[in-house]
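Notes for the structure review
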Amino acid sequence: YREMLEARFCFAPTGWGWGQRVFEAILSGCIPVIMQSDNLQPFEGILPWKQFAVMLNESDIPNLHEVLAAIPQAKVESMQRTLSCVWPRLTFFSSPTQRREFGDLYQVDAFDMMMLELSQHADKARGAATPSAAAGPAVHAWQNASKMLTTSVCSCVMEPSDFPQQVR
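Residues numbered from 1 in each chain as written. Predicted model: local features only at pLDDT ≥ 70, side-chain atom pairs only at ≥ 80, totals over all residues. Heavy atoms only, no water.

As for the overall build of the protein chain
The cut-off we apply is this: Only DSSP runs of H or I reaching four residues or more are called helices, and only runs of E reaching two or more are called strands; each is numbered from the N terminus. Every residue pair with non-hydrogen atoms within 4.5 Å of one another is taken to be in contact. All accessible areas in this document rest on Shrake-Rupley with a 1.4 Å probe, and a residue is counted as covered only by the protein chains that are shown.
Scanning the protein chain from N- to C-terminus turns up seven helices and three strands. The long-range share in the protein chain, meaning contacts at least 24 apart out of those at least 6 apart in sequence, stands at 47%. Accessible surface, the protein chain: about 10000 Å² in total, of which carbon and sulfur atoms supply 57%.

Here is the structure:
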């Protein structure tokens, strides 16, 4: 794992299981280069994957070096900042000690993300893409969590230019 800790990009091709290489890269602070065009990534509808990972097709393999070299340094730095804020969303903080140590980063962990994802699926199954605005004060939990994710979850080190245009 030493190489991953020192690398800027980590190759995460399709392999066995559920994408362990992607998680290893993310937890190592390495920008994952994902070659899994047929697979959805965890919480893909919630997390801004293209802001912290390089998503490629298998046809890009022959030109991989050129593709990665063409990514501007400012974009790489932005992806690293986003990655540093997103990794807790893919991790379970199970002990009070972990929660104290990570402070604000713990606001939303993998458990919360799963509940958010399940809530979205339940809404879609009921025929609503999003809960109705008429819900009043009983606003659906995923709206609150989504708002927090898109506006403040990565504020730990991200700059305004790192956020998608619609969030600013």
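Considerations on the packing of aromatic side chains
Rules: Two aromatic rings, drawn from Phe, Tyr or Trp (for Trp, its six-membered ring), form a pair once their centres lie within 6.5 Å of each other, and the interplanar angle then sorts them: stacked below 30 degrees, edge-to-face above 60, tilted otherwise. For every residue, the accessible area obtained with a 1.4 Å probe (protein chains only) is divided by the maximum for its type, and the residue is called buried under 20%, exposed over 50%, and partly exposed between those limits.
As enumerated under the stated definition, the model contains one aromatic pair in all. When the ring of tryptophan 49 is compared with that of phenylalanine 52, the centres are 4.7 Å apart and the planes differ by 40°; the resulting orientation is tilted. Accessibility classification places tryptophan 49 together with phenylalanine 52 in one group, the buried group.

Quick look at the sheet that holds strand E1 (residues 9–13)
Keep this limit in mind: By the convention used here, strands pair only if DSSP detects at least 2 bridges between them. Each axis is a line fitted through C-alpha atoms, and for a helix only the stretch in contact is used; angles between axes span 0 to 180 degrees, taken between their N-to-C directions.
The sheet built from three strands is open, its strands ordered E1-E2-E3 with parallel pairing. Only two strands of the sheet have a single partner each, and these edge strands are E1 and strand E3 (54–55). In this sheet, strand E2 (residues 31–35) lies alongside E1 in parallel orientation, the contact comprising five bridges. When the sheet's bridge partners are listed, alanine 12 is paired in E2 with isoleucine 34. Set on the sheet, helix H4 (residues 73–86) makes contact with E1, E2 and E3; between it and E2 the angle comes to about 95°.

Quick notes on the state of the cysteines
For clarity, the cut-off: In this description, the term disulfide denotes a pair of cysteine sulfurs within 2.5 Å.
According to the stated counting rule, one finds one disulfide in the structure shown. A sulfur-sulfur distance of 2.1 Å marks the disulfide that ties cysteine 10 to cysteine 30. Taking the sign of the S-S torsion, 110° for the link of cysteine 10 and cysteine 30, the bridge is right-handed. Pair noted here: cysteine 10 is in strand E1 and cysteine 30 is in the loop between helix H2 (20–27) and E2, with a separation of 20 residues, a long-range link.

Side note on the pairing of E2
The element E2 is largely enclosed, with a buried count of five among its five residues. With burial as the criterion, each face of E2 is covered, one bearing Ile31, Val33 and Met35 and the other bearing Pro32 and Ile34. Where E2 and E3 come together, two bridges link them in parallel fashion. Bridging from a neighbouring strand, valine 33 pairs with valine 54 of E3.

Some words on the nonpolar core
Applied cut-off: In these notes, a set of buried Ala, Val, Leu, Ile, Met, Phe, Trp, Tyr and Cys residues joined through side-chain atoms within 4.5 Å is what counts as a nonpolar core.
Counting residues in each nonpolar core, the largest one holds 29 residues, and the members touching the most others are Ile26, Val33, Leu47, Trp49, Phe52, Val54 and Leu90. Of all the secondary-structure elements, those providing two or more residues to this core are H2, E2, helix H3 (64–69), H4 and helix H6 (110–125).

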